[in-house]
Amino acid sequence: MLKKIVVGLVVILVAVFFTMVVGELRRRTPKLVNTIGGPECAPGGVFSASPIAPTDFLSITPLGNLSPPDHTVPTDHIYVVIKENNTIDPAYDRPVRAPGDITIQSINHNTTKKQGAVFSNDYALDFSPCTDVRINFGHVTSISPQLQAAFEAARPSCDTQVPRPGDDYTYCRAQLNYAMKAGEIIGTAGGGTATGLDIQAVDRRQSGKPYANPKRYRSDALHFVCPLDLYDEATKA
C-alpha cells in the first residue's frame, strides 16, 4: 500500500514539474503577431545585413539546443555568441543592426531583480521584413536613442511578478510601427548576463513542421526556421 502511495506521489510531482516547465517555456517564448501591413514576401532570402558583424561574434549555436532547466526542450531560436564571452566575465557589448528593411512591431523591456539587486536588464524585439516572416531578437542589452524614444512614446504597459520574497520580474511591452533600413543600428548585445543575441524566426511561406501532435503548439511554432536561411545568396556567400 505504501509503495503505491509513493509511486502515486512521484507521478503527481513529475506531472506538476512538466506543467511548470511548459508554462515557463510558453511565458518566455514571445508570441509573434500573425499579420501586419507591409509588402508581400518574395521567394528566397529577405535579409542582407548581418545583425552582428562577423568579427564581433565567436560562434552560433543552432536550433534545438538543450540547456536545462531554462531549455528543457529543444530551443526554437539560435544564439549568436559574442566574442570575449566566458563563464566568468560578461560579454562586451557589440552593435546590433537591422538584418533588412524591417518594421518593428513590439518591444519588451524585461528586468529581473534578485534580493533587490538587478540581475538582468534587456530588451526583446518583434519585427518583420514582409507579411509572412516574423523575427524576434532576444537579450538586446540596449536600444538606440531613437528607438528608446519611440518605445517610451508608445506608453508601454508594465507588469511585475514576485515569485519569491526579494525577487521580482518586471515586463514592459509596447506596440510600435517603427521602420528601419538594412544595417541601421538597433542597439547592442553582450555586456550583460546573456552570452549574446537570441534570434527566433517564423516563415509562413514554409510548410508546417510535422510534429506528432500539432494541436499542442501555437500556429507560429509550426513554422520556426533557422534565421540564417532567410538571407539572400550573396550574403550567405
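Data block above holds the structure.
As the structure is a computational prediction, the values presented were derived from the model and not from experiment. For every chain, the first residue of the written sequence is number 1, and numbering continues from 1 onward in sequence order. Restriction of local features to residues with pLDDT of at least 70 applies here, the model being predicted, together with a cutoff of 80 or more for giving and counting side-chain atom pairs; totals for whole chains, interfaces and linings are based on all residues. Side-chain numbers here rest on the full set of heavy atoms in the structure, without hydrogens or water.

J.: Help me get a handle on the overall build of the chain, residues and values and all.
T.: The secondary structure listing takes helices from DSSP runs of H or I that are at least 4 residues long and strands from runs of E that are at least 2 residues long, numbered from the N terminus. In terms of regular secondary structure, the chain is built from 3 helices and 11 strands. In sequence order, the secondary structure elements of the chain are arranged as α-β-β-β-β-β-β-α-β-β-β-β-β-α. Relative to its 237 residues, the chain shows a buried fraction of 37%. Across the chain, contacts joining residues at least 24 apart in sequence account for 66% of those joining residues at least 6 apart. Just so you have it, the chain exposes about 13500 Å², and 59% of that area is on carbon and sulfur atoms. Burial here depends on accessible area, computed with a 1.4 Å probe over protein chains only, as a share of the maximum for the residue type. Under 20% is buried, over 50% is exposed, and the range in between is partly exposed. Every residue pair with non-hydrogen atoms within 4.5 Å of one another is taken to be in contact. Residue burial considers only the protein chains on display, and all accessible areas are found by Shrake-Rupley using a 1.4 Å probe.

J.: Describe the layout of surface pockets, and please don't skip the residues or the numbers.
T.: What the second largest pocket holds in volume is close to 230 Å³. Those elements that place two or more of their residues in the lining of the second largest pocket are β1 (57-61), β2 (77-82) and β6 (133-143). For this classification, Asp, Glu, Lys and Arg are treated as charged, while Ala, Val, Leu, Ile, Met, Phe, Trp, Tyr, Cys and Pro are nonpolar and the rest, including Gly, are polar. Here the lining of the second largest pocket is built from residues that sort into 15 nonpolar, 2 polar and no charged. Space inside and on the surface of the protein is sampled on a 1 Å grid over the protein atoms alone, with a cavity defined as a set of points where a 1.4 Å probe fits but cannot get out and a pocket as an open set with protein on both sides within 12 Å along at least 5 of 7 lines; lining residues have an atom within 4 Å of a point. Grid points are joined across faces, edges and corners, and a volume is the space filled by probe spheres set on the points.

J.: Explain the nonpolar core residue by residue, including any values.
T.: By nonpolar core is meant a set of buried Ala, Val, Leu, Ile, Met, Phe, Trp, Tyr and Cys residues that side-chain atoms within 4.5 Å join together. I104, I107, L125, I135, F137, I186 and L197 are the most contacted members of the largest nonpolar core, which has 36 residues in total. Listing elements by their share of this core, those giving two or more residues are β2, β4 (102-114), β5 (117-130), β6, α2 (145-153), β8 (167-180), β9 (185-189) and β10 (196-203). Sequence-distant contacts of L197, defined by excluding residues within four places in its chain, comprise P51, I52, I78, Y79, V80, V96, F137, G138, V140 and A189.

J.: Talk me through the pattern of salt bridges; I want residue IDs and the actual numbers.
T.: Note on definitions: salt bridges are taken to be side-chain nitrogens of Lys or Arg within 4 Å of carboxyl oxygens of Asp or Glu. Counted under the stated rule, the structure contains 6 salt bridges. Its salt-bridge partner being D56, residue R94 comes within 3.4 Å of it at the nearest N-O pair. Linking R94 in strand β3 (residues 94-97) with D56 in the loop between α1 (2-28) and β1, this pair joins segments that are 38 residues apart in sequence. D56 gets classed as buried once you look at its relative accessible area, which sits at 17%. In this structure, the salt-bridge partner of K236 is E233, at a minimum N-O distance of 3.7 Å. You can see K236 and its partner E233 sitting in helix α3 (residues 233-236), 3 residues apart, about one turn around the helix.

J.: Hey, could you go over unusual backbone geometry for me, with residue numbers and the actual values?
T.: Residue Q115 is not a glycine yet carries a positive backbone phi of 55°. Checked against the element boundaries, Q115 lands in the loop between β4 and β5. On the basis of relative accessible area, Q115 is assigned to the exposed category, the value being 63%. Phi angles above zero are rare outside glycine, and R155 is one such case at about 55°. As for its position among the elements, R155 is in the loop between α2 and β7 (157-164). Using a relative accessible area of 74% as the deciding quantity, one classes R155 as exposed.

J.: Explain the state of the cysteines to me, and be specific about the residues and the numbers.
T.: In this description, the term disulfide denotes a pair of cysteine sulfurs within 2.5 Å. Applying the stated criterion across every chain, the model contains 2 disulfides. C41 shares a disulfide with C130; S-S distance 1.9 Å. Here C41 and C130 share a disulfide; its torsion about the S-S bond, 100°, makes the bridge right-handed. With C41 in the loop between α1 and β1 and C130 in strand β5, this residue pair connects regions lying 89 residues apart in the sequence. A relative accessible area of 13% means that C41 is categorised as buried. The disulfide partner of C158 is C172, and the S-S distance across this bridge is 2.0 Å. Here the S-S torsion is close to 115°, and the disulfide linking C158 with C172 is therefore right-handed. Placement of the pair is C158 in strand β7 and C172 in strand β8, with a sequence separation of 14 residues. The exposure class assigned to C172 is buried, which follows from its relative accessible area of 12%.

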